Amino acid sequence: MSRRLIAYVHVDGTAYGPDSEVPAAVAKRIGDHAWTDADSSAETPTPTGEGDSGKGEAPPRSGRGSGVEAWRAFAEQHDVEVAADASREDIIAAAEAAGVVEPEQPKE
């Protein structure tokens, strides 16, 4: 049975995401909560912005996989500069300002 990450994680400064091939030594260091069965029908995040297909999709804005580390990895992949102590909201705002994700529309 194959496993895949449900969100982006950083291990020793390297970002790994749902479509990454994670080396066995690195996989051992990632907690079980970050994995799902590749064969499961678990919902995967959908892209929320534009970007080239070689770069990762934007993490969800809320819920599972929406943490600051996932957004920090996404920002790094898209060359969006953020402060080391930036909050998740700060990173999302920077990604919106850089045009790599669409601004969230208010719910009606």
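The rules behind the values
Residues numbered from 1 in each chain as written. Predicted model: local features only at pLDDT ≥ 70, side-chain atom pairs only at ≥ 80, totals over all residues. Heavy atoms only, no water. Helix = DSSP H or I, 4+ residues; strand = E, 2+ residues; numbered from the N terminus. Buried < 20%, exposed > 50% of the residue type's maximum accessible area, 1.4 Å probe, protein only. Contact = heavy atoms within 4.5 Å. Areas by Shrake-Rupley, 256 points an atom, 1.4 Å probe, with all protein chains shown as cover. Axes fitted to C-alpha atoms, helices over the stretch in contact; angles between N-to-C directions. Parallel < 35°, antiparallel > 145°, perpendicular 65-115°, else oblique. Left-handed = near helix turned anticlockwise from the far one by under 90°. Nonpolar A, V, L, I, M, F, W, Y, C, P; charged D, E, K, R; others polar. Arc of directions from axis to C-beta.

**A few points about the overall build of the chain**
Line of reasoning, step 1. Assigned secondary structure in the chain consists of three helices and four strands.
Line of reasoning, step 2. Of the regular secondary structure in the chain, the N- to C-terminal order runs β-β-β-α-β-α-α.
Line of reasoning, step 3. When burial is assessed residue by residue, the chain has 33% of its 108 residues classed as buried.
Line of reasoning, step 4. Looking at the chain alone, contacts between residues at least 24 apart form 41% of all its contacts between residues at least 6 apart.
Line of reasoning, step 5. For the chain, the accessible area works out to roughly 7100 Å², and carbon and sulfur atoms hold 46% of it.

**Considerations on the packing of helix α2 (residues 68–77) against helix α3 (residues 88–98)**
Line of reasoning, step 1. Following both chains from N to C, one finds α2 and α3 inclined at 25°, their axes separated by 9 Å at the closest point. Overall, the two elements α2 and α3 adopt an arrangement that is roughly parallel. For the pair α2 and α3, the sense of crossing is left-handed. Of α3, the residues touching α2 (which contributes V68, W71, R72, F74 and A75) are R88, I91, I92 and A95.
Line of reasoning, step 2. Across the contact of α2 with α3, the residue classes tally to seven nonpolar, no polar and two charged.

**Things to note about α3**
Line of reasoning, step 1. Among all positions of α3, only I91, I92 and A95 are buried. In an axial view of α3, the angular spread of the buried residues amounts to 100°, which keeps them on one side of the axis.
Line of reasoning, step 2. Residues of α3 that are buried sit in contact with α2.
Line of reasoning, step 3. Among the residues trailing α3, G99 stands out with phi positive, at a value near 80°.

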